[in-house]
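The residues making up each chain are set out below.
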Amino acid sequence: MGSGGLELPPGDDRHEGNTADVQPGTVSLARPMGTGSIGSELDWGAEAWLEVRTRAQRAGRAYIWLNLVEQRLRAVVSALIRPIYEPVHGDDWVVAAAGPVGQEWVQRAVAVREVSRRKGYLLDPDDDNVLSFLTLPQLRELMVQHWPCFEPYLDDRRDVELALDELEVTRNVVSRNRALSQAVLNQAERASARLLEMLGAGGDVPSARRLPTDAVEDLVGDRYADVVAVHSDRVRLLRRFPAEDIFGGARRLDALGIGLNLLVQNFSGRRLVRLAEAGCRARLLFLNPASSAVKRRERELGLKRGELSRAVEMNILHMRRVRARLRDPGAFEIQVYDETPRFTAYLVDGDGSDGIAVVQSYLRATRGMEAPVLVLRNSGRVLKPDEPGDADDGGLFPTYREEFELAWADSRPVS
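Below, the structure is looked at part by part. (Residues numbered from 1 in each chain as written. Predicted model: local features only at pLDDT ≥ 70, side-chain atom pairs only at ≥ 80, totals over all residues. Heavy atoms only, no water.)

A short note on the pattern of salt bridges
All told, the structure shown has 25 salt bridges when counted by the stated rule. Of the charged contacts, one joins Arg236 and Asp233 as a salt bridge, the two residues approaching to 2.5 Å between their closest N and O atoms. Exposure remark for Arg236: the relative accessible area of 42% places this residue in the partly exposed category. Residues Glu300 and Arg297 are paired through a salt bridge, measuring 2.9 Å at the closest nitrogen-oxygen approach. Here Glu300 pairs with Arg297, and both are found in helix α13 (residues 292-301), just three residues apart, close to one helical turn. In this structure Glu300 comes out as partly exposed when scored by relative accessible area, which is 35%. The network of salt bridges with common partners includes Arg113, Glu114, Arg117 and Asp128. (Salt bridge = Lys/Arg side-chain N within 4 Å of Asp/Glu carboxyl O. Buried < 20%, exposed > 50% of the residue type's maximum accessible area, 1.4 Å probe, protein only. Helix = DSSP H or I, 4+ residues; strand = E, 2+ residues; numbered from the N terminus.)

Here is the structure:
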């Protein structure tokens with residue numbers, strides 16, 4: 001007998017697919033054709049798997065941001081409201097703070113807490129409180145109701161509420177496991193970063209303006225050393241990380257490569273002059289256009305004889321003209337090397353803990369524009385040891401910085 005009061009037919013062969021033998025009041029259960037597990041007609045194809053993984057990746061990123069915001073807001077609410085109500089109401093201080101306006105949702109949180117207690121869902125004793133069971137909108141209500149407590153610490157209530165409003169769509173989508181578009185995810189990440197900064201939990205990396213620390217990077221950075229981004233080619237790099245963001249405002253710039261096109265072709269001479277006049281010191285290391293290494297590279301790329309050497313020479317001449325316009329030419333050094341080029345690297349503020357680097361390896365038959373790109377951050381903050389007593393392994397940034405210094409020492413200046 002089924003749960004709906006209907007009798008299920010027996011599962012023997014006499015009744016399989018034979019509706020004539022089914023008695024009135026019974027429900028026929030169709031059996032799948034063939035043997036094995038789920039049939040091929042229910043399999044996910046490549047496109048379906050790609051869609052599912054994309055959804056999961058976006059939802060995961062959004063969840064991390066929402067989790068960080070909720071934890072931070074919970075801590076701030078506790079720090080500012082708890083001292084007012086707890087001395088009088090004890091453990092029921094959240095109920096008292098919610099007041100008649102929030103009686104319905106706070107009682108619901110109390111009920112969920114009791115159920116979690118009985119079923120053993122409270123794995124951490126620190127979570128055994130009503131505050132831990134409030135959702136982001138409910139924490140917001142507490143903050144709004146007690147805004148005078150928050151006003152000395154937050155500049156503008158409207159800014160906080162607008163950022164929380166922007167997160168509400170994402171919160172609903174993630175909690176119900178629905179599709180999250182890239183545009184909404186980007187909006188949620190910006191709103192979360194803004195909220196964390198307003199709530200006093202912003203990033204502490206000095207280079208945050210140039211390359212903000214990503215929430216996912218901050219949590220799983222130990223998996224990738226100091227690699228914070230990988231792009232399949234330079235076009236995609238510049239789409240996500242424009243040259244102005246890479247080089248603008250730099251106080252030190254060290255570049256090593258063949259023709260340094262990323263800098264020369266994407267950052268104007270006028271901007272380089274202003275950068276140098278603002279105090280930036282640059283060291284540019286080109287491959288000698290007259291060296292045999294250039295000729296070998298031309299053959300690898302299938303270029304006409306002299307094509308690459310002329311391009312490199314033109315870039316060097318352009319940088320010499322920039323240097324000639326400076327009041328302090330010593331701040332803009334240009335040198336050439338004759339060794340086989342192995343990679344191109346742009347190290348921005350590489351002498352400090354807030355430096356970044358853009359690195360590409362030279363592939364045999366692939367132009368630099370088409371080669372994969374690594375973006376590195378010279379910050380030990382995202383390098384976490386596996387165990388508390390372990391030492392950090394370090395990242396790739398120091399390796400490329402050391403390689404640059406060795407190549408610079410073996411090179412010769414361009415007059």
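Concerning the sheet that holds strand β7 (residues 373-378)
Read across the sheet, eight strands follow the order β1-β7-β6-β5-β2-β3-β4-β8 without closing on themselves; strand pairing throughout is mixed. Whereas interior strands pair on both sides, the edge strands pair on one side only; in this sheet they are β1 (227-231) and β8 (412-413). In the sheet, strand β4 (residues 332-337) pairs with β8 via two bridges, with the strands oriented antiparallel. Bridging from a neighbouring strand, Gln335 pairs with Pro413 of β8. Running at roughly 75 degrees to strand β3 (residues 281-287), helix α15 (residues 397-409) makes contact with β2 (252-256), β3, β4, β5 (343-348), β6 (355-361) and β7 of the sheet. (Pairing = 2+ DSSP bridges. Contact = heavy atoms within 4.5 Å. Axes fitted to C-alpha atoms, helices over the stretch in contact; angles between N-to-C directions.)

Considering unusual backbone geometry
Here the phi dihedral of Asn177 falls at roughly 55 degrees; this positive angle occurs in a residue that is not glycine. Relative to the elements of secondary structure, Asn177 occurs in the loop between α6 (157-175) and α7 (182-198). Phi is positive for Leu260, which is not a glycine, with a value near 55 degrees. With respect to the helices and strands, Leu260 occurs in the loop between β2 and α11 (261-264).

Looking at the nonpolar core
The nonpolar side chains of a soluble globular protein tend to be buried with one another. In terms of nonpolar packing, the biggest core is built from 58 residues, with Phe247, Leu263, Leu284, Phe286, Met319, Phe332 and Tyr346 touching the most fellow members. Core analysis: the second largest hydrophobic core is formed by 42 residues, Val174, Leu195, Leu196 and Leu199 among them. (Core = buried A, V, L, I, M, F, W, Y, C linked by side-chain atoms within 4.5 Å.)

Points about a positive patch on the surface
Taken together, the side chains of Lys295, Arg296, Arg299 and Arg305 make up a positively charged region of the molecular surface. Relative to the elements of secondary structure, Lys295 occurs in helix α13. The class of Lys295 is partly exposed, set by a relative accessible area of 37%. (Patch = residues over 30% accessible without salt bridge, like charges linked within 9 Å, V, L, I, M, F, W, Y side chains within 5 Å. Areas by Shrake-Rupley, 256 points an atom, 1.4 Å probe, with all protein chains shown as cover. Lys, Arg positive; Asp, Glu negative; His and termini not counted. Charge placed at Lys NZ, Arg CZ, Asp CG, Glu CD.)

Some details on the environment of Leu131
Within the fold, Leu131 resides in the loop between α3 (103-119) and α4 (136-145). Accessibility expressed as a relative area gives 6% for Leu131, which makes it buried. Counting along the chain gives 18 residues from Leu131 to Arg113, while the straight-line C-alpha distance between them is 9.7 Å. Setting aside chain neighbours within four positions, we find Leu131 in contact with Arg74, Val77, Ser78, Trp93, Val94 and Leu139.

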